[in-house]
Amino acid sequence: MEPDQLTKTLTLFHDVWEGTQPADVEWADATVARGNFRTWAKITSHLYALTKRSQHPGADRSLLEQACARLGPYL
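Residues numbered from 1 in each chain as written. Predicted model: local features only at pLDDT ≥ 70, side-chain atom pairs only at ≥ 80, totals over all residues. Heavy atoms only, no water.

A. Representation of the overall build of the chain. Summing up its helical and strand segments, the chain has four helices and zero strands in all. The helix and strand sequence of the chain, counted from the amino end, reads α-α-α-α. A compact globule built from 75 residues should have a C-alpha radius of gyration of about 11 Å, and the chain, at 11 Å, falls within 12% of that. The C-alpha extent of the chain, read off along each of the three principal axes, is 30 × 25 × 20 Å. Per-residue burial over the chain gives 36% buried out of 75 residues. Counted over contacts in the chain with a minimum sequence separation of 6, partners at least 24 positions apart contribute 50%. Carbon and sulfur atoms make up 52% of the accessible area of the chain, which amounts to about 4,700 Å² in all. With 8 positive and 9 negative side-chain charges, the chain shows a spacing of 10 Å between the two charge centroids. (Helix = DSSP H or I, 4+ residues; strand = E, 2+ residues; numbered from the N terminus. Rg over C-alpha atoms; globule rule 2.2 N^0.38 Å. Buried < 20%, exposed > 50% of the residue type's maximum accessible area, 1.4 Å probe, protein only. Contact = heavy atoms within 4.5 Å. Areas by Shrake-Rupley, 256 points an atom, 1.4 Å probe, with all protein chains shown as cover. Lys, Arg positive; Asp, Glu negative; His and termini not counted. Charge placed at Lys NZ, Arg CZ, Asp CG, Glu CD.)

Given below as C-alpha coordinates:
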(Lines give C-alpha, C1' and ligand atoms only; values in the text may rest on other atoms or scores of the structure.)
Protein backbone atom coordinates (compact mmCIF):
# COMPACT_ATOMS: atom_id res chain seq x y z
CA MET A 1 0.00 0.00 0.00
CA GLU A 2 1.30 3.46 -0.87
CA PRO A 3 1.80 5.97 2.00
CA ASP A 4 -1.11 8.17 0.91
CA GLN A 5 -3.39 5.12 0.65
CA LEU A 6 -2.26 3.94 4.08
CA THR A 7 -2.92 7.42 5.51
CA LYS A 8 -6.45 7.38 4.05
CA THR A 9 -7.07 3.89 5.43
CA LEU A 10 -5.85 4.90 8.90
CA THR A 11 -8.08 7.99 8.80
CA LEU A 12 -11.05 5.72 8.15
CA PHE A 13 -9.93 3.46 11.01
CA HIS A 14 -9.66 6.30 13.56
CA ASP A 15 -10.00 10.08 13.40
CA VAL A 16 -6.74 10.59 15.34
CA TRP A 17 -5.01 10.16 11.96
CA GLU A 18 -6.86 13.11 10.43
CA GLY A 19 -4.34 15.54 8.93
CA THR A 20 -1.32 13.28 9.41
CA GLN A 21 1.35 13.70 6.77
CA PRO A 22 1.87 10.66 4.48
CA ALA A 23 5.64 10.99 5.02
CA ASP A 24 5.15 10.50 8.77
CA VAL A 25 2.97 7.44 8.15
CA GLU A 26 5.58 6.10 5.73
CA TRP A 27 8.29 6.56 8.39
CA ALA A 28 6.23 4.68 11.01
CA ASP A 29 5.44 1.89 8.58
CA ALA A 30 9.07 1.49 7.53
CA THR A 31 10.49 1.58 11.05
CA VAL A 32 7.81 -0.01 13.24
CA ALA A 33 4.59 -1.29 11.66
CA ARG A 34 6.08 -2.92 8.55
CA GLY A 35 2.65 -3.39 7.00
CA ASN A 36 1.14 -5.13 10.02
CA PHE A 37 -2.32 -3.69 10.74
CA ARG A 38 -2.30 -5.12 14.25
CA THR A 39 0.75 -2.98 14.96
CA TRP A 40 -1.05 0.01 13.43
CA ALA A 41 -3.91 -0.60 15.87
CA LYS A 42 -1.45 -0.48 18.78
CA ILE A 43 0.18 2.68 17.44
CA THR A 44 -3.29 4.22 17.05
CA SER A 45 -4.15 3.42 20.66
CA HIS A 46 -0.94 4.99 21.95
CA LEU A 47 -1.31 7.97 19.64
CA TYR A 48 -4.88 8.57 20.79
CA ALA A 49 -3.79 8.52 24.45
CA LEU A 50 -0.95 10.94 23.73
CA THR A 51 -3.21 13.39 21.89
CA LYS A 52 -5.72 13.38 24.73
CA ARG A 53 -3.07 13.80 27.39
CA SER A 54 -1.22 16.59 25.60
CA GLN A 55 -4.32 18.37 24.29
CA HIS A 56 -2.56 18.24 20.94
CA PRO A 57 -5.00 18.65 18.04
CA GLY A 58 -3.57 15.90 15.87
CA ALA A 59 -0.88 13.40 15.13
CA ASP A 60 2.40 14.98 14.15
CA ARG A 61 5.80 13.33 13.80
CA SER A 62 6.75 14.03 17.41
CA LEU A 63 3.68 12.30 18.85
CA LEU A 64 3.96 9.50 16.32
CA GLU A 65 7.55 8.85 17.40
CA GLN A 66 6.43 8.76 21.05
CA ALA A 67 3.61 6.33 20.23
CA CYS A 68 5.97 4.06 18.29
CA ALA A 69 8.55 4.16 21.09
CA ARG A 70 5.96 2.65 23.43
CA LEU A 71 6.01 -0.52 21.36
CA GLY A 72 9.68 -1.07 22.10
CA PRO A 73 12.97 -0.24 20.48
CA TYR A 74 13.12 0.11 16.75
CA LEU A 75 15.94 0.67 14.31
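B. Spatial organisation of the packing of helix H1 (residues 3-13) against helix H3 (residues 37-54). Running from N to C, H1 and H3 point in directions that differ by 60 degrees, and their axes come no closer than 12 Å. The pairing of H1 with H3 is recorded here as oblique in orientation. Along this stretch, H1 crosses H3, giving a crossing that reads as right-handed. Along its contact with H1, which presents Leu6, Thr9, Leu10 and Phe13, the element H3 presents Phe37, Trp40, Ala41 and Thr44. Considering only residue class, the contact of H1 with H3 consists of six nonpolar, two polar and no charged. (Axes fitted to C-alpha atoms, helices over the stretch in contact; angles between N-to-C directions. Parallel < 35°, antiparallel > 145°, perpendicular 65-115°, else oblique. Left-handed = near helix turned anticlockwise from the far one by under 90°. Nonpolar A, V, L, I, M, F, W, Y, C, P; charged D, E, K, R; others polar.)

C. Highlighting the pattern of salt bridges. In total, this model carries two salt bridges according to the counting rule given. Between Arg61 and Asp24 there is a salt bridge, with the nearest N and O atoms lying 3.6 Å from each other. Residue Arg61 is located in helix H4 (residues 61-69), and its partner Asp24 is located in helix H2 (residues 22-33); the two are separated by 37 residues in the primary sequence. Looking at Asp24, the relative accessible area reads 12%, which means it is buried. Here Arg61 ties to Glu65 by a salt bridge, and the two come within 3.1 Å at their closest N and O atoms. Within this pair, Arg61 and its partner Glu65 are both found in helix H4, separated by four residues, close to a single helical turn. Arg61 gets classed as partly exposed once you look at its relative accessible area, which sits at 30%. A single network of salt bridges, built from pairs that share partners, joins Asp24, Arg61 and Glu65. (Salt bridge = Lys/Arg side-chain N within 4 Å of Asp/Glu carboxyl O.)

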